[in-house]
Amino acid sequence: MADELPEPETETEEPIKQRKNGLYPGVSDELAENMKSGWADTELRDLQPIPQAEHTARRRAALSARFPGERLVIPAGNLKTRSNDTEYPFRASVEYAYLTGNQTEDGVLVLEPKAEGHEATIYLLPRSNRENGEFWLDGQGELWVGRRHSLAEAEQLYGLPAADVRELADKLREATGPVRVVRGYDAGIEAALTDKVTGERDEELRVFLSEARLVKDEFEIGELQKAVDSTVRGFEDVVKVLDKAEATSERYIEGTFFLRARVEGNDIGYGSICAAGPHACTLHWVRNDGPVRSGDLLLLDAGVETHTLYTADVTRTLPINGRYSEIQRKIYDAVYEAQEAGIAAVKPGAKYRDFHDAAQRVLTEKLVEWGLVEGPVERVLELGLQRRWTLHGTGHMLGLDVHDCAVARTETYVDGTLEPGMCLTVEPGLYFQADDLTVPEEYRGIGVRIEDDILVTEDGNRNLSAGLPRRSDEVELWMAKLKG
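Calculation criteria
Residues numbered from 1 in each chain as written. Predicted model: local features only at pLDDT ≥ 70, side-chain atom pairs only at ≥ 80, totals over all residues. Heavy atoms only, no water. UniProt positions renumbered as here; feature names shortened; annotations may be inferred. Salt bridge = Lys/Arg side-chain N within 4 Å of Asp/Glu carboxyl O. Helix = DSSP H or I, 4+ residues; strand = E, 2+ residues; numbered from the N terminus. Buried < 20%, exposed > 50% of the residue type's maximum accessible area, 1.4 Å probe, protein only. Expected span 1.5 Å × (residues − 1). Polar contact = N/O pair within 3.5 Å; in protein donor to acceptor, adjacent residues only side chain to side chain. Phe/Tyr/Trp six-rings, centres within 6.5 Å; stacked < 30°, edge-to-face > 60°. Pairing = 2+ DSSP bridges. Axes fitted to C-alpha atoms, helices over the stretch in contact; angles between N-to-C directions. Domains from an automatic or database assignment. Contact = heavy atoms within 4.5 Å. Buried area = accessible area lost by both parts, 1.4 Å probe. Nonpolar A, V, L, I, M, F, W, Y, C, P; charged D, E, K, R; others polar.

In the annotation of an unreviewed UniProt entry, the entry for the protein chain reads Xaa-Pro aminopeptidase, and the organism field reads Streptomyces jeddahensis. UniProt annotates the protein chain under Catalytic activity (unreviewed entry) with the comment "Release of any N-terminal amino acid, including proline, that is linked to proline, even from a dipeptide or tripeptide." The UniProt entry for the protein chain carries the following text under Cofactor (unreviewed entry): "Mn(2+)".

A. Just the pattern of salt bridges, in detail. The final tally for this structure, using the stated rule, is 38 salt bridges. Here Asp 404 makes a salt bridge to Arg 213, at a shortest N to O gap of 3.2 Å. Here Arg 213 lies in the loop between α9 (199-212) and α10 (218-240) and Asp 404 lies in the loop between α16 (387-390) and β13 (423-426), a separation of 191 residues in the sequence. For Arg 213, a relative accessible area of 4% gives the class buried.

B. Looking closely at α10. Over its 23 residues, α10 runs 34 Å from end to end, which matches the ideal 33 Å to within 8%, given 1.5 Å per residue. Put simply, Asp 217 is the residue that caps the front of α10, since its side-chain oxygen is 3.1 Å from the backbone nitrogen of Phe 219.

C. Just the packing of aromatic side chains, in detail. On inspection of all chains with the given rule, the structure shows eight aromatic pairs. Ring centres of Tyr 352 and Tyr 413 lie 5.2 Å apart, and the angle between their planes is 85°; this geometry places the pair in the edge-to-face category. Remark: Tyr 413 occurs in the loop between α16 and β13 and Tyr 352 occurs in the loop between α13 (326-344) and α14 (354-369); sequence separation between them is 61 residues. Residue classification places Tyr 413 among the buried residues on the basis of a relative accessible area of 11%.

D. Broad picture of the sheet that holds β13. Ordered by their spatial adjacency, three strands build an open sheet running β13-β16-β17, and the pairing between neighbours is antiparallel. With partners counted over all chains shown, the strands left at the sheet margins are β13 and β17 (460-463), one partner each. Here the strands of the sheet are splayed against their neighbours by 40° on average, with no regard to which way each runs.

E. The domain arrangement of the protein chain, seen in detail. Domain annotation for the protein chain reports domain 1 (43-213) and domain 2 (218-483). Relative to domain 2, the C-alpha centre of domain 1 lies at a distance of 35 Å. With 15 residues of domain 1 at the contact, the number on the domain 2 side is 17 residues. Together domain 1 and domain 2 conceal approximately 1500 Å² of surface at their shared face, both sides included; 52% is due to carbon and sulfur atoms. Three residues, Arg 91, Glu 211 and Arg 213, lead the burial of domain 1 against domain 2; their summed loss comes to 35% of the area buried on that side. Applying the counting rule to domain 1 against domain 2 returns three salt bridges. Counting the contacts that link domain 1 with domain 2 gives eleven residue pairs in polar contact (both at pLDDT 80 or more). Put simply, the parts of the chain that give the side of domain 1 that touches domain 2 at least two residues each are α2 (53-66), α3 (94-100) and α9. Of the residues that constitute the side of domain 1 that touches domain 2, the class distribution is six nonpolar, four polar and five charged.

Listed below in structure tokens is the structure:
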């Protein structure tokens, strides 16, 4: 990485400060003058709106109708320092991305109330200034980090007026009337509104935007399918290189899937769980530094995130050598049966909890049948005794967040009713910890989860991730074919 970046001049024209241990002592007047001119006009004209523009406009209209007469402020967020002068890759807040389709740092969407409805403006950083040298002297200047859209270009892309975000804080300080802001993303914007908002009012805004995402529109469903399709190819990639993972570690699996995510999408939707052997019993095993051994199982829980930030979330538990052992198949088939029951319960009009209850009942029946817990089944379920081995809920909403709509009200989410357009995971599992003395030794260290992304349709459901086999015999045939 280049490391000779001088700091820009301030508005008061103070001398440019040299970066400590930089190789250049400063910028000569001649060089500064030279850098102002000789650049081609790169303005992009006649741009087409982004594909989701009509959907984001409809979402903003619904937001406007919910909070008439109030100023609404939704920030994208700022860059976060990783170490010293390097930053983490930026990901816009889901609320901002959902309402604008824009993904650039420091952006802010503001809905200004008017007599009827609101006027929406997207506040962004304009092109870097070439007259004062910002474009090549500032750490976030375009010469260093790449071109950004002009405000005029942004208006064409996102279908709403664009303005300079550097002027927004002062405008907000002078604002009067009720204001709501989505907190936690932009400290500067929050500081400008510190005497104008309350936590309770802001939470209502955040909850509304979370619940608005419960039912996906046609654009979102298409993006989720893209994410899943790329994820399917990523799982195929992993199966083809399991021999290389055996020679190295779980990191080879992680890197293989990440390559697919970066080539076909924006990123991974969450930290990939590449859990071989007993690591499969750790629900969020993301260290991915353990051995990959023939005869063990690999629990791969991973999802590609699209360029529009929608993510898949799929899990398969695979025999590393291509064949399940007798005890592995016994446990795997129990989880498969539970998932089948859970998926069958996903349909419009059903309670959200139904798919979880259906899957948990099957798993509990198996645990009682195997003699691992004393029945009857109803008693075990009432006391939750099966949770020692099932551990987690059977699914969650999916979308811009892997655990989407997380701050929705309980009565509209967990205690709610399924509707067409909702997308959720169904992911039962059984996990027998390596040190669990309450189960026979042959069970210990085996963890199995099967997870698919299920869309609620008008007449039932559709498994978006049906491209990956689930039944144990089909998994073995699929792996054998991929390995050649």
